[in-house]
Amino acid sequence: MNPFRFFSRSQSAPAARERLQVLLAHERASAGDSDLVTKLRDEILQAISKHMQIDDEKVRVTMERGAQVSTLAVDIEIPFDAKKAA
Amino acid sequence: MGKVVVVTSGKGGVGKTTSSAALGAALAQNGEKVVVVDFDVGLRNLDLVMGAERRVVYDLVNVIQGEAKLSQALIRDKRLETLYLLPASQTRDKDNLTPEGVEKVIAALQSAFDWVICDSPAGIERGATLAMRHADIAIVVTNPEVSSVRDSDRIIGLLDSKTLKAENGERMEKHLLLTRYDPIRAERGDMLKVDDVLEILSIPLMGIIPESADVLRASNVGSPVTLADNRSAPALAYFDAARRLKGEALPITIPGEKRSFLGKIFGRKAA
C-alpha cells in the first residue's frame, strides 16, 4: 500500500453534502406528488403513443436533476411504418 | 400530564432503540418517572437492549386487544425504580396496532408517567406513523451518512403533516440526535460534519453521540448505555441530551474535541 495515498486522497464528505442538497431540494418539492419532470415524461410518452406505436425498447428517457435546472431527454426511434402500426 | 416523545429516523439501524433506552434511563436516573414503549410489532428489541427479555409476559398488542391490563404489561426495570418498559408483540401482525387502541394506551401512560418515550420502528408504515402520532416532541436519530440524512428528511416531513399536532395546526417540536459520529473522520473530510447535517435538515440539535464500542458492550449485557458505564463518552452525551430534552439550555460539545494529548496518541479516551 502506498503510504502517501492517505494524504493525497480527496475528501468525500463535500460530495455527500452536495448530493444530499440537490436530492432533498427535489424530494421536498415533490412531496405532494407533483414532480414536474416525472409528470412531463409520462405525458409526453402518452401524447406520442396517440400517433404511433412506441416500442418500449426504442425509447430512452433520461433525467438529470440538477441544483438549478433539470433536464429531460426523450429519445425515440421512429420507424418508417410507425403510423400504420398505431 | 406526561410528555410524549417519539424517537424516530426512517432508516433502520441508526440507533433508535439504543437512544430510546439510554434517554429513558438517563431521565429515570434523574428521578423522572419514565416508560419506554416499543412500537416495533413483530421485531421487538427494546426488551433485549434493556435486559428485560426474559420478563415479558404481556405486550402492547395484548393491552390494545383488551387481553391484559396496562399494569400487567408494564415491566419495571430491575436497576431503576422509576423506569418502565412496555414491550411490543413479537408474534402478532402489526395490523393489530389500531389508532384507537394506541390513543387509549398513550393517554393512560401520560397520566401515570412524566415521560412516555415511543421507540418507533424503521420505515414509514403504520407502526412508525402510529408511534409519532401522539408525540409532543420528536427526536430524529440520524447518522452522518447520506441515506440516513435523506430518510430523516422524509421523516421530518411526516412529523410536520401526519401527527396530531400537525393536523391541529400546531408546531411539532423536533430535535436532531446525531449518532455514531466520528470527529476524526469528520475532520479528515470523510464524514459529514455536524454543521453539514444541521444545515441540510435544519432542526435544532439535541446531542451528538460519538461512535463508541461502549454502545455494543452495553447492549451485549442488556443495559442502557447510561447505566452500563455512566462515565463513558456515549453515556455522557446521552445525559446531556436528556437534560436538553427537559428544556435545559446546555452548550453542545462535539465529542472528541476534549481529547487529551495521551488520548490522541493512543487513539482512545484517556479517562
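Cut-off values and rules
- Residues numbered from 1 in each chain as written.
- Chains lettered and ligands numbered in written order.
- Predicted model: local features only at pLDDT ≥ 70, side-chain atom pairs only at ≥ 80, totals over all residues.
- Heavy atoms only, no water.
- Helix = DSSP H or I, 4+ residues; strand = E, 2+ residues; numbered from the N terminus.
- Rg over C-alpha atoms; globule rule 2.2 N^0.38 Å.
- Buried < 20%, exposed > 50% of the residue type's maximum accessible area, 1.4 Å probe, protein only.
- Contact = heavy atoms within 4.5 Å.
- Areas by Shrake-Rupley, 256 points an atom, 1.4 Å probe, with all protein chains shown as cover.
- Buried area = accessible area lost by both parts, 1.4 Å probe.
- Salt bridge = Lys/Arg side-chain N within 4 Å of Asp/Glu carboxyl O.
- Nonpolar A, V, L, I, M, F, W, Y, C, P; charged D, E, K, R; others polar.
- 1 Å grid on protein atoms, 1.4 Å probe; cavity = no way out; pocket = protein on both sides within 12 Å on 5 of 7 lines; lining within 4 Å.
- Points joined across faces, edges and corners; volume = space filled by probe spheres on them.
- Pairing = 2+ DSSP bridges.
- Axes fitted to C-alpha atoms, helices over the stretch in contact; angles between N-to-C directions.
- Parallel < 35°, antiparallel > 145°, perpendicular 65-115°, else oblique.
- Core = buried A, V, L, I, M, F, W, Y, C linked by side-chain atoms within 4.5 Å.

(A) Quick peek at the overall build of chain B. In terms of helices and strands, chain B carries 14 helices and 8 strands. Relative to the compact-globule value of 18 Å for 271 residues, chain B shows a C-alpha radius of gyration of 18 Å, a close match. Scored against the burial criterion, the 271 residues of chain B give a buried share of 52%. The contacts of chain B with a sequence gap of at least 6 include a subset with a gap of at least 24, amounting to 74%. As presented, chain B carries roughly 12,300 Å² of accessible surface, and 48% of it is formed by carbon and sulfur atoms.

(B) Layout of the interface of chain B and chain A. Counting residues at the interface gives 14 residues for chain B and 15 residues for chain A. Together chain B and chain A conceal approximately 1,300 Å² of surface at their shared face, both sides included; 52% is due to carbon and sulfur atoms. Our count for the contact surface shared by chain B and chain A stands at 4 salt bridges. Where Glu199 of chain B meets Arg17 of chain A, a salt bridge forms, and the shortest distance between an N and an O atom there is 3.0 Å. For the side of chain B that touches chain A, the secondary structure elements donating two or more residues are α7 (146-159), α9 (183-188) and α10 (194-201) of chain B. Classifying every residue of the side of chain B that touches chain A by side-chain character gives 6 nonpolar, 1 polar and 7 charged.

(C) Inspection of empty space enclosed by the protein at higher detail. Residues and elements named next belong to chain B. The final tally for this structure, using the stated rule, is 2 cavities of 30 Å³ or more. Of the pockets and cavities examined, the largest cavity occupies roughly 50 Å³. Every residue lining the largest cavity is listed: Thr18, Ala21, Val49, Val215, Ala218, Ser219, Ser223, Pro224 and Val225. Listed by contribution, the elements that provide at least two residues to the lining of the largest cavity are α1 (16-29) and α11 (213-220). Among the elements that take part in the lining of the largest cavity, α11 stands out by supplying 3 residues, more than any other.

(D) Seen up close, the sheet that holds strand β4 (residues 83-86) of chain B. Residue and element names in this part refer to chain B. Across the sheet, which stays open at both edges, the 8 strands sit in the order β3-β4-β2-β5-β1-β6-β7-β8 with mixed pairing between neighbours. Of all strands in the sheet, those bounded by a partner on one side alone are β3 (75-76) and β8 (205-210). Where strand β7 (residues 173-181) lies against β8, 4 bridges are found, and the strand directions are parallel. For Leu177, the partnering residue across the bridge sits in β8 and is Gly207.

(E) A look at the pattern of salt bridges. For the structure on display, the rule yields 12 salt bridges over all chains. In this structure, Glu32 of chain B engages Lys246 of chain B in a salt bridge whose closest nitrogen and oxygen atoms are separated by 3.6 Å. Placement of the pair is Glu32 of chain B in the loop between α1 and β2 (34-38) and Lys246 of chain B in the loop between α13 (233-245) and α14 (261-266), with a sequence separation of 214 residues. Beyond isolated ion pairs, a larger network of salt bridges with shared partners links Arg17 of chain A together with Asp196 and Glu199 of chain B.

(F) The arrangement of the packing of α1 of chain B against α13 of chain B in detail. Residue and element names in this part refer to chain B. At a closest axis distance of 9 Å, the pairing of α1 and α13 adopts a crossing angle of 70°. As summarised for this structure, α1 and α13 are arranged roughly perpendicular, according to the angle between their axes. Residues Thr18, Ser19, Ala22, Leu23, Ala26, Leu27 and Gln29 of α1 pack against Tyr238, Phe239, Ala241, Ala242 and Leu245 of α13. Among the residues forming the contact of α1 with α13, the class breakdown is 9 nonpolar, 3 polar and no charged.

(G) Representation of unusual backbone geometry. Residues and elements named next belong to chain B. You will see that Arg180, though not glycine, has its phi angle at about 60°, which is positive. Take Arg180: it is sitting in strand β7. Owing to a relative accessible area of 42%, Arg180 belongs among the partly exposed residues under this scheme. Despite not being glycine, Ser202 has its phi angle at roughly 40°, a positive value.

(H) Representation of the nonpolar core in the model. Residues and elements named next belong to chain B. Counting residues in each nonpolar core, the largest one holds 52 residues, and the members touching the most others are Val35, Phe39, Leu86, Leu97 and Leu109. Among the elements that take part in this core, α7 stands out by supplying 5 residues, more than any other. The contact partners of Leu109, leaving out residues within four places of it in the chain, are Val35, Val37, Leu70, Leu74, Leu86 and Val116. In terms of nonpolar packing, the next biggest core, distinct from the first, is built from 38 residues, Met50, Ile117, Met206 and Ala242 among them.

(I) Seen up close, the pairing of strand β5 (residues 115-119) of chain B. Residues and elements named next belong to chain B. Burial within β5 is extensive, with 5 of its 5 residues counted as buried. Judged by which residues are buried, β5 turns out to be covered on both faces: Trp115, Ile117 and Asp119 on one side and Val116 and Cys118 on the other are all buried. Direction of pairing for strand β1 (residues 3-8) relative to β5: parallel, over a ladder of 5 bridges. If you follow Val4 over to β5, its bridge partner there is Val116. Across 5 bridges, β2 lies against β5 in parallel orientation. Within the sheet, the bridge partner assigned to Val34 lies in β5 and is Trp115.

(J) Fine view of the layout of surface pockets. Residue and element names in this part refer to chain B. Its boundaries defined by the atoms lining it, the second largest pocket holds a volume of some 530 Å³. In terms of lining residues, the second largest pocket is bounded by 28 residues, among which Gly13, Val14, Gly15, Lys16 and Thr18 are the most central. Broken down by secondary-structure element, the contributors of at least two residues to the lining of the second largest pocket are α1, α2 (46-49), β7, β8 and α11.

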